[in-house]
Amino acid sequence: MTEDQLIDLYRTVRRIRRVEEVTAEIYPSDKIKSPVHLAIGQEHVAAAVCAALAEGDIVGGSYRSHAVYLAKGGDLAAMMAEMYGKDAGCCRGKGGSMHIGSAAVGMVGSSAVVATQIPVLAGWALALKRRAPGRLAAAFFGDGATEEGCFYETLNFAALHRLPLLLVCENNGYAIHEPLTRRRAIDDLGTVAESLGVPAHRVADGDVFSLARVAAAAVARIRAGGGPEFIEARVYRWREHVGPNEDFEQGYRSREEAAPWMETDQLVRLAERVDPGRRAVIDAEIEAEIAAAVAFAEAAPVPPVGELRSDVYA
Amino acid sequence: MTEDQLIDLYRTVRRIRRVEEVTAEIYPSDKIKSPVHLAIGQEHVAAAVCAALAEGDIVGGSYRSHAVYLAKGGDLAAMMAEMYGKDAGCCRGKGGSMHIGSAAVGMVGSSAVVATQIPVLAGWALALKRRAPGRLAAAFFGDGATEEGCFYETLNFAALHRLPLLLVCENNGYAIHEPLTRRRAIDDLGTVAESLGVPAHRVADGDVFSLARVAAAAVARIRAGGGPEFIEARVYRWREHVGPNEDFEQGYRSREEAAPWMETDQLVRLAERVDPGRRAVIDAEIEAEIAAAVAFAEAAPVPPVGELRSDVYA
Amino acid sequence: MPDAGKSDMVEARPLRYVDALREAVAQEMERDPDVFVFGLDVDDHKAIQGSTRGLLERFGPERVFTTPLSEDAMTGVAIGAAMAGMRPIHVHIRMDFMLLAMNQLANIAAKARYMWGGQWRVPLVVRAMVGKSWGQGAQHSQGLHSLFMHFPGLKVVAPSNAHDAKGCLIAAIRDDNPVVVMEHRLLYGTEAAVPTAPFTVEPGRARVCTAGDDITIVGVSNMVQEAIRAAELLGKVGVAAEVIDPIWLSPLDIDTILASVKRTGRLLVVDNGWTMCGAAAEILAAIAERAERAVQMRRIGFAPTPCPTSPWLEAEFYPNPGTIAAAAWDLARPGEPAWSPDPEETRLAYQTQFKGPF
Amino acid sequence: MPDAGKSDMVEARPLRYVDALREAVAQEMERDPDVFVFGLDVDDHKAIQGSTRGLLERFGPERVFTTPLSEDAMTGVAIGAAMAGMRPIHVHIRMDFMLLAMNQLANIAAKARYMWGGQWRVPLVVRAMVGKSWGQGAQHSQGLHSLFMHFPGLKVVAPSNAHDAKGCLIAAIRDDNPVVVMEHRLLYGTEAAVPTAPFTVEPGRARVCTAGDDITIVGVSNMVQEAIRAAELLGKVGVAAEVIDPIWLSPLDIDTILASVKRTGRLLVVDNGWTMCGAAAEILAAIAERAERAVQMRRIGFAPTPCPTSPWLEAEFYPNPGTIAAAAWDLARPGEPAWSPDPEETRLAYQTQFKGPF
Ligand SMILES: Cc1ncc(C[n+]2csc(CCOP(=O)(O)OP(=O)(O)O)c2C)c(N)n1
Ligand SMILES: Cc1ncc(C[n+]2csc(CCOP(=O)(O)OP(=O)(O)O)c2C)c(N)n1
Ligand SMILES: [Mg+2]
Ligand SMILES: [Mg+2]
């Protein structure tokens, strides 16, 4: 990784982390009337993968997609305005946090029905293969999504057609409050992918540098026509499933379980490698951008009457 | 295999073969106004598996289920009457060939929507585990069914709950006219099952003796609480996908491809091991039973007016 | 507010809708060891907003368990277990996710008895919650009852209050057919007098909630509550509205509605769903077929758009006591100037008190 | 028998419905390289009863290909490709199998444009055939159009003749929205005059097939043909029926139906589907809301049962020219003795000539 790449990666992860922390701070004010699923603690996956992507590549994910949106270059002010339900939002106030997306940066809108964007991204991959060889589509999803039928169906189809599709599973070990062990007999998700003809890679400690390496290599192979690949990144969600808070007191998981993940906070690991002076500048830029975005969202006008009925059909 | 078992197996396979051949003969008369999906050439799978089952075990399959119905002990006259659309049919003329079933012998009705009985049989397995330990449910399906999302979803659930479920895939290499290679990147269906935690066995030549052995062993383990198992039996369909005829002239497959399977006709292999005198008696019994069943179906009364509206609700 | 119905001789106490659901299941699980509850998250500490709370502790993990994220196969599993004689209650935290289970419900559950010649029963209950407000948006808000009403072989019920929540759910559990129970998230906190002992609110009988001769208003699910408020407001301006809660949507008690419309000559159906090919279309059509006199009819429901998240847009998406009252006025007072009630008076506690997000 | 509509100045020749479908797709694939066709069995030698015949040879396997048996994911793939600017035509050999794809269609395709703030288009066509007769039974016979009509964001069309099969399919392919095209298996062999050049039958305009002042009969899909025969038989006993083909079910041209009903005062809707919350319910409701005079209305469709396989039972399951004519007579001649036509005269060639099984 070059120094520039490192700095970019730091900036991306830091930006996402801070955006979500600020979102959590605003949340109790009820100004954001949108269910937020924060990626704090696992935002480096989107950052590392998107670092390997280029303009013209397409991404898409679940309700937990702030990180993907920002890592792909999504406009922060438009995302904030979206969470505030304003007309200037990236989905004009019709999607909220769970459905963010941006055609401008190649992020398909997010879907809050688990796993449903996986085949949709495969459809993009099919179109890219035909119309823009060398480009690819990347689908981000959780461990729970791998239990839905369309996950398997899509992998089989993608392997059969050697689609330029990168499948990124952010395995945080939980679907809402249910641990993987209560949902699966076998916890190695990669073997399923391989049995369907999709090469799989597991980054068991969620290390951001390994992830960046694995993603870059997979992306290069996919661009070269090698067909789909699957990355399982083991990570940990630091906040509650939905909402701004921690939830270790609720009993379904312990702070001890989280501790090793927090100790190896990938943001800190990145920060340690960036020159402190440089970092201070970046951090300040990020704070300024966030403050401006929040101000923009607060001041933005609400959707006009009649907007309800626009865009049902093209 | 004891001699009695061998004779029973011969009788079962011979009975199914002859029933389907006679069905094919009757078919051009248009008396059977029901789409028939014949199992000729692959009927020994149901026979070998059902030989390992007992009363109280439950089976279910697809539209191609004459063999399963008969192997599980289904009444032939009721099946014939069903194909004739008569009130004495096993489904009272409401299901036809594609939906046959018999509560009396523990065969859930068949479903003509591919793969849909797989989770239904898992539900039976769940109930049997709770209410009748030692019993099991067996789902019969084709290779095409393994591409449907619910196949994977069911295997994962069955493995997780160690359900007494036997999954029997009759892999005849085609879904209608589409070969496996146009539907799957990887042709080993067992690895998928294993990746989900379901032990898998492949009988690559479809040998009836191997199948009987593999099935008996799997059934014993399942009864003992070992959880679900998957059997892939490679077989070949001798007739067209639906209807009474051969279809080698249609171009999608060749008679040469079929030849090795026909040469190792499992019915012949069984017949060779049965004393000819004994065989003649069995064969005659079968012909008599079939003739009687056809006569019964022909003579049976059509459903009474008003029957249309019965049994929509319990 | 619900009339006492079958249960007026028995001990009752105020209970929340969510607790009524839980009590129904607990009592039935106690009575019948074949009843079990499964579905995503039924056994976690949130317990489907509390509606399954305590069941795991009381009945154990064999009878109360979560599933993988596999709605299609889990529905098949429920069907199989039901055919085998058990009585599964399959829970969806949002009705929207039932779209993943349509095939099993419509192609197997609805047809199993008929297609297989009456050999089997499918005593299956599907509980499905409908979400609203706080940015739930297009995929967490759909009242999809009409999809299930369309298929012979399924039954559908949409209890609008805590009393019916208990009585309908018990009836559904005891029913030998697949029943889809539509529950509204925002009703979970509402209270009604609910009998302590088990009781049933059986299919086939709608309830007249308020009596009136000027117009018949039929509400579906939470819209019964909104229609009752609308009726109060209409009363103040001299329009007497008869509000009817069909309770069971399939089978549908059209006779009670018809009897009312015969008197009022006017019908407004208010649905928590889209109107096109919806429950409201069915009710209008069924009355139009049967009515022997001219009847003024209208239906209102979701706007013909997906549900937006922005609160300002969402406010226009749903019917509310104000729009219901205004529509009823239009029908009942043709030719007179349009009227709608003071917006302050149209606010219902169950709406304003709801704190999102889910 | 279809009026010439947009196409009366152009060269036409008799063509079968199945060939009209194929010609529509071939011409559009020729015109627009983004159009492709996929779905189970589109490229085999049976070619979806011939409706995709020759396309593989002409356009190659990148634009004409089969899929794994994975309706759910393949629908998602179609949506993604459509969002990316291609124009997929996803083919289902039976509409019943679309129940496996409900989630993608209703939760993604229908909402993609709206939920994501108008950023995307989903120019997707789903072709779905409806089966009938010869023991197809409960899972190979369902006309599920009303399910799709229910969702804003989807369009639905049900061409009843070869002319419209071509014109509607071309319109659907060129439409920037997801369109479900319902095709009837038994219509595949029927012929009509079909223009040689590409043309469209656009959403929003129903067709008056026969003129009459006594009763309006609306048919859906193949029921248009059966209603036209019924109208002929009614004509012989002095009842003048106006048969209307809505062609597009969503958006629905209710104005044309309303104008007719205003004259006739009587409406019979005949659907190839169940009536409860069905397209017929929608049409009755929409007319009941709009009609300024009393209208006698009725709807007929599938019996409220799953479809049986036995031919004797199946005969009672479907409407036919005899039952349509009898119902129309009842409406148009109240008080007079019931009448129904000679069964011999009610037989339509497209029904009797159909040789199963699929
Ligand atoms: C099809 C579907 N089923 C259930 C839900 C309810 N639900 C929302 S999030 C979630 C957990 C998903 O877990 P995972 O895929 O691991 O993603 P994570 O939240 O951990 O990022 C569930 C079950 C849903 N949204 N969609
Ligand atoms: C869900 C679904 N999709 C498509 C079809 C159409 N169809 C009928 S049989 C068949 C092939 C199934 O192949 P396989 O599972 O291998 O069974 P086989 O016919 O070879 O026994 C298909 C695609 C269907 N019936 N159901
Ligand atoms: Mg997770
Ligand atoms: Mg096969």
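Here the structure is a predicted model, which means the values were calculated and not measured.

Draft legend 1. Quick peek at the domain arrangement of chain C. Residue and element names in this part refer to chain C. Annotation of chain C at the domain level lists domain 1 (12-195) and domain 2 (207-352). If you average the C-alpha positions of domain 1 and of domain 2, the two centres end up 26 Å apart. In this assembly, 33 residues from domain 1 lie in contact with 31 residues from domain 2. For the pair domain 1 and domain 2, the summed buried area comes to about 2400 Å², and 58% of that belongs to carbon and sulfur atoms. Here domain 1 and domain 2 share two salt bridges between them. As a salt-bridge pair, Glu 226 and Lys 132 come within 4.0 Å of each other at their nearest N and O atoms. Scanning the region where domain 1 abuts domain 2 turns up 11 residue pairs in polar contact (both at pLDDT 80 or more).

Draft legend 2. Representation of the packing of aromatic side chains within the structure. Enumeration over the complete set of coordinates arrives at 35 aromatic pairs over all chains. Judged by centre distance (6.2 Å) and plane angle (15°), the ring pair of A:Tyr236 and A:Trp261 falls under stacked. Placement of A:Tyr236 in the loop between strand E7 (229-234) and helix H9 (255-263) and of A:Trp261 in helix H9 is noted, with a sequence separation of 25 residues between them. Cluster of aromatic residues (ring-pair linked, three or more members): A:Phe141, A:Phe151, A:Tyr152, A:Phe230, B:Phe141, B:Phe151, B:Tyr152 and B:Phe230. Between B:Lys33 and the ring centre of D:Trp134, over which it is positioned, the NZ or CZ distance is 5.6 Å. Lying over the aromatic face of C:Trp329, C:Arg333 brings its terminal NZ or CZ to 5.9 Å of the ring centre.

Draft legend 3. Representation of the site of ligand 1. In the vicinity of ligand 1 there are 20 residues, among which A:Tyr63, A:Arg64, A:Asp143, A:Asn172 and C:Glu71 approach most closely. Those residues lying near ligand 1 are distributed over chains A and C. At a separation of 2.8 Å, an oxygen atom of ligand 1 approaches a polar side-chain atom of A:Asn172. Alone, ligand 1 offers 580 Å² of accessible surface; in the complex the protein occludes 96% of this. Across the shell around ligand 1, the residue classes break down as 12 nonpolar, four polar and four charged.

Criteria and cut-off values
- Residues numbered from 1 in each chain as written.
- Chains lettered and ligands numbered in written order.
- Predicted model: local features only at pLDDT ≥ 70, side-chain atom pairs only at ≥ 80, totals over all residues.
- Heavy atoms only, no water.
- Domains from an automatic or database assignment.
- Contact = heavy atoms within 4.5 Å.
- Buried area = accessible area lost by both parts, 1.4 Å probe.
- Salt bridge = Lys/Arg side-chain N within 4 Å of Asp/Glu carboxyl O.
- Polar contact = N/O pair within 3.5 Å; in protein donor to acceptor, adjacent residues only side chain to side chain.
- Phe/Tyr/Trp six-rings, centres within 6.5 Å; stacked < 30°, edge-to-face > 60°.
- Helix = DSSP H or I, 4+ residues; strand = E, 2+ residues; numbered from the N terminus.
- Lys NZ or Arg CZ within 6 Å of the ring centre and 35° of its normal.
- Near = heavy atom within 4 Å.
- Areas by Shrake-Rupley, 256 points an atom, 1.4 Å probe, with all protein chains shown as cover.
- Nonpolar A, V, L, I, M, F, W, Y, C, P; charged D, E, K, R; others polar.

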